[in-house]
Amino acid sequence: MNYGNAVVLDHGYGLMIDALTLIPCSMRTPGLMGYGGLEDVPKGDVLANGIKVAVGNAKQAEMVVSALTGHTSLAELAVIRVIRRDLVAQHASLQRAVRTGRWHSFSQPTNQGVDPNAPFEIPEEQFRGYCRDAVVALEKLGELRGTHRLLDLSYEDEIAALGSDAFQRVFEFLGVPEVDISWIGSKKVAPSVDRYVTN
C-alpha cells in the first residue's frame, strides 16, 4: 500500500497500518479462515488476523469510522475498543511519543536522541482540549456498534490488571478457541507518568 497517496490520506486508511496482529492456531473450525501467515506461523495455522489502530483525536476517529463503514468488504470486521479512563496517563504517553518520536515503549532506547524520560509540563488548556476531544473520539468510535460487532475492553481493569487473561473475553467475542498467549513476549518499559510529567 502506498501510504502517501491521496486515497489513503483522504480516507484515513494509513491509521489502520499501525500494527498487524494475528492469532496463530492449528485448530480449524468451519467458517473461520486465516489469512497471511509468517515464517514462524504458516498461513494454514492462522486463525484470526487483526489490525491495531491508534486513534489520537476525534478527526482520526471519524476517519476510522468512515473507512470501516464505507466499504462492504469491511462490514464483517469485529472491532475491539480499548478504553482508558486515565486521560492524564494517555495524554502524557502521547506527548512523550510526539517529543521523542518513539511510539512504542517495548525496548530501552539505544539511540542518542531526545531523552524519553526527560520531564516536561503539559499546559492546562492543552490537556482540557485533549479531554474534550477524547470524549468525542470515544463517542464516534461507539457508533460502530450500529454497523459492526464491538467489544469494549478496559485498559485499567482488564489489560493492565489481567495481562494475558484479558484475552479470554477477546477469544469469546471473536468466537475462536483459546490458545496459548505465546506471542506476547514484550513488556512496556516506560516509567509511570509522575516520573516525567512535572505538573
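Asker: An account of the packing of aromatic side chains is needed here, citing residue identities and associated values.
Answerer: Note on aromatic pairs: each is described by the distance of the centres and the angle between the planes. Applying the stated criterion to the full structure yields 2 aromatic pairs. Between Phe120 and Tyr196, the aromatic rings sit 5.8 Å apart at their centres with planes inclined by 40°, giving tilted as the arrangement. On the criterion of sequence distance, the pair formed by Phe120 in the loop between α3 (87–100) and α4 (124–142) and Tyr196 in the segment after α6 (167–174) is long-range, its members being 76 residues apart. As far as burial versus exposure is concerned, Phe120 and Tyr196 are alike and both buried. Each ring, one from Phe167 and one from Phe171, has its centre 6.2 Å from the other, and the planes form 40°; the classification is tilted. In this pair, Phe167 and Phe171 are both assigned in helix α6, 4 residues apart and thus about one turn of the helix distant. Given the relative accessible area of 23%, Phe167 is considered partly exposed.

Asker: Explain the packing of α3 against α4 to me, using residue names and the numbers behind them.
Answerer: Close contact between α3 and α4 brings their axes to 11 Å; oriented N to C, the two are set at 110°. As summarised for this structure, α3 and α4 are arranged roughly perpendicular, according to the angle between their axes. When α3 is examined against α4, the residues Leu87, Val88, Gln90, His91, Leu94 and Gln95 are found in contact with a partner set consisting of Gln126, Phe127, Tyr130, Cys131 and Ala134. Of the residues belonging to the contact of α3 with α4, the class tally is 7 nonpolar, 4 polar and no charged.

Asker: If you had to explain α4 to someone new, which residues and values would you point to?
Answerer: If you check α4, its first and last C-alpha atoms are 27 Å apart, about what 19 residues at 1.5 Å a residue would give, namely 27 Å. Of the positions making up α4, those classed as buried are Tyr130, Cys131, Ala134, Ala137 and Leu141. Axial view of α4: buried residues confined to an arc of 130°, hence all on one face. Buried residues belonging to α4 abut α2 (58–69), β3 (78–83), α3 and β4 (149–154).

Asker: How would you explain the environment of Tyr130 if you had to name every residue and give the values?
Answerer: By the element assignment, Tyr130 lies in helix α4. Tyr130 gets classed as buried once you look at its relative accessible area, which sits at 11%. Tyr130 sits 40 residues away from Gln90 along the chain, and the two C-alpha atoms are 9.9 Å apart. Residues contacting Tyr130, with those up to four places away along its chain left out, are Gly56, Leu87, Gln90, His91 and Leu94.

Asker: Mind laying out the confidence of the model for the protein, listing which residues take part and the relevant values?
Answerer: Model confidence for the protein is summarised by a mean pLDDT of 75, while 66% of its residues fall at 70 or above. Considering only residues more than four positions removed or in separate chains, one finds that residues 1–5, a stretch of pLDDT under 50, has 7 contacts. The low-confidence segment residues 15–37 (pLDDT under 50) makes 76 contacts with residues lying over four places distant or belonging to another chain.

Asker: Please give an account of the pattern of salt bridges that cites residues and values.
Answerer: For the coordinates displayed, the defined rule picks out 8 salt bridges. Of the charged contacts, one joins Glu124 and Arg128 as a salt bridge, the two residues approaching to 2.5 Å between their closest N and O atoms. Here Arg128 and Glu124 lie together in helix α4, a separation of 4 residues that amounts to about one turn. Classification of Glu124 by relative accessible area gives exposed; the value is 52%. One salt bridge connects Asp152 with Arg145, and the closest N-O pair in it is separated by 3.1 Å. Owing to a relative accessible area of 24%, Asp152 belongs among the partly exposed residues under this scheme. Classification of Arg145 by relative accessible area gives partly exposed; the value is 46%. Taken together, the shared-partner salt bridges in this structure form one network comprising Glu124, Glu125, Arg128 and Arg132.

Rules of the game
- Residues numbered from 1 in each chain as written.
- Predicted model: local features only at pLDDT ≥ 70, side-chain atom pairs only at ≥ 80, totals over all residues.
- Heavy atoms only, no water.
- Phe/Tyr/Trp six-rings, centres within 6.5 Å; stacked < 30°, edge-to-face > 60°.
- Helix = DSSP H or I, 4+ residues; strand = E, 2+ residues; numbered from the N terminus.
- Buried < 20%, exposed > 50% of the residue type's maximum accessible area, 1.4 Å probe, protein only.
- Axes fitted to C-alpha atoms, helices over the stretch in contact; angles between N-to-C directions.
- Parallel < 35°, antiparallel > 145°, perpendicular 65-115°, else oblique.
- Contact = heavy atoms within 4.5 Å.
- Nonpolar A, V, L, I, M, F, W, Y, C, P; charged D, E, K, R; others polar.
- Expected span 1.5 Å × (residues − 1).
- Arc of directions from axis to C-beta.
- pLDDT = per-residue confidence, 0-100.
- Salt bridge = Lys/Arg side-chain N within 4 Å of Asp/Glu carboxyl O.

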